[in-house]
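Single-letter residue listing:
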Amino acid sequence: MSKIIQVADIHFGTENPRAIAAFEATLDALEPDAIAVCGDLTQRGKREEFEAAREWLDTFSIPKLVVAGNHDTPLLNLYERVVSPFDRHDRFFDEFSEPVHLDNAVLTGINTARGWQTRKNWAEGSVNLDDLDGAISAGDETPGKTAFLICHHPFLSPPDAPMRTSTRRGRRASRRLAKSGFRYLLTGHVHVPSVTVVDHEDDAYIAVSAGTLSTRLRANPASFNLIDISGENCAVTIFNLHGDRFVPLKPHVLTPDFEMKETHLSAD
């Protein structure tokens, strides 16, 4: 009933033209119902990078949900990074910030990126728990639909990712998400795909990380994810770039009670 494409870290400015072309061709064949963009559409937050990203997204005539990433702030303008880090991003993508409602799913986004922080690594994520509660409330208003939360940074570092992440209030956010009606967290940032069942005592959700369509690879080819909830179960298929085309890997089939043999992460 619903097929969702998950992409992240396209990084226009350092995008991979071969991956972009192959993605467009593959999308035509898959006929998805929506696209979730999990941040970092640009490399340095330049106007021309946002223009290229918007022109690219406009070629897809299906609903889109776009959230910001840490690269979507003006890298070289410290004043703007502090005072108005996401003004430029919002001018180009604000119309894609509202929840997307499909036949049997709802996609809702929050911003976990920050223009600056009182810690050394500004690229790391930070969860505003009020924003999270607002997104959870919005998801609760659509009973009977599978709820997906979209953001850039994983709440908890994916166990197999080559780059470890540290998201402020990530563990508290993870607990709240597990206790909510949401069953999927779609993120980017680490540039490698992963599918993980995150367990919190008697509650759980699926954390799905997307790869990158840029040249900034980390131990994995350029990739994107297809999330298919057409049937009783959910199938997450990772597509890796081989040559000039994307090739699907064996799907991760996820049952509503998380009984399939997937990677589990105990978060308590």
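The numbering scheme is per chain: residues are counted from 1 as the chain's sequence reads. It should be noted that, the model being predicted, local features are given only for residues of pLDDT at least 70 and side-chain atom pairs only at 80 or more, the latter also being counted only at that level, while totals for whole chains, interfaces and linings use all residues. With hydrogens and water set aside, each side-chain value is computed from the structure's full complement of heavy atoms.

Okay, the packing of aromatic side chains next. Between rings of Phe, Tyr and Trp, where Trp is taken as its six-membered ring, a pair exists when centres lie within 6.5 Å; planes separated by under 30 degrees are stacked, by over 60 edge-to-face, and by other angles tilted. Per the counting criterion, the structure on display carries 11 aromatic pairs. On the basis of an interplanar angle of 45° and a centroid distance of 5.6 Å, the ring pair of F23 and W56 is categorised as tilted. Residue F23 is located in helix α1 (residues 17-30), and its partner W56 is located in helix α2 (residues 47-57); the two are separated by 33 residues in the primary sequence. Considering the side-chain rings of F50 and F93, the 6.1 Å spacing of their centres and the 55° angle between planes classify their relative orientation as tilted. With F50 in helix α2 and F93 in helix α4 (residues 87-93), the pair connects residues that are 43 residues apart, well separated along the chain. Exposure class is identical for F50 and F93. Each is buried. One aromatic cluster is present, built from ring pairs that chain together F12, F23, W56, F60, F224, F239 and F246. Under the scheme used here, helices are H or I runs from DSSP no shorter than 4 residues and strands are E runs no shorter than 2 residues, and both carry numbers assigned from the N terminus. The buried label applies to any residue whose accessible area, calculated with a 1.4 Å probe on protein chains only, is under 20% of its type's maximum; exposed applies above 50%, and partly exposed to all values in between.

Attention shifts here to the pattern of salt bridges. The rule for a salt bridge is simple: a side-chain nitrogen of Lys or Arg has to be within 4 Å of a carboxyl oxygen of Asp or Glu. This structure, assessed with the given rule, holds four salt bridges. A salt bridge links R176 to D133, with the shortest nitrogen-to-oxygen separation between them at 2.8 Å. Taken together, the residues span a long stretch of sequence, with R176 in helix α6 (residues 170-179) and D133 in helix α5 (residues 129-140) at a distance of 43 residues. Exposure remark for R176: the relative accessible area of 33% places this residue in the partly exposed category. The closest approach of N and O atoms between D203 and K179, which form a salt bridge, is 3.3 Å. Of the two residues, D203 is situated in strand β9 (residues 203-209) and K179 in helix α6; the sequence distance between them amounts to 24 residues. You can call D203 partly exposed: its relative accessible area is 24%. Residues participating in the shared-partner salt-bridge network are R54, D58 and E95.

What follows is about α1. A rise of 1.5 Å per residue sets the reference length of α1, with its 14 residues, at 20 Å; its end C-alpha atoms lie 20 Å apart and thus fit the reference within 8%. What α1 keeps buried is the set A19, I20, A22, F23, T26, L27 and L30. Burial along α1 is one-sided: seen end-on, the buried residues are contained in an arc of 165°. Residues of α1 that are exposed and point over 90 degrees away from its buried face: P17, D28 and A29. Expected helix span is taken as 1.5 Å per residue step, with the number of steps being one fewer than the number of residues. Working note: the arc is built from the helix axis to C-beta atom directions.

With that out of the way, let us pick up the pairing of strand β10 (residues 223-228). Successive side chains on a regular strand alternate, one facing one side of the sheet and the next facing the other. Within β10, five of the six residues are buried, which leaves the element mostly enclosed by the surrounding structure. For two strands to be treated as a pair, DSSP must find at least two bridges joining them. Of the strand pairs in this sheet, β10 and strand β11 (residues 234-242) are connected by six bridges, and their pairing is antiparallel. Directly across from N225, in β11, lies its bridge partner I238. Where β10 folds back onto β11 in an antiparallel hairpin, the turn is made up of five residues.

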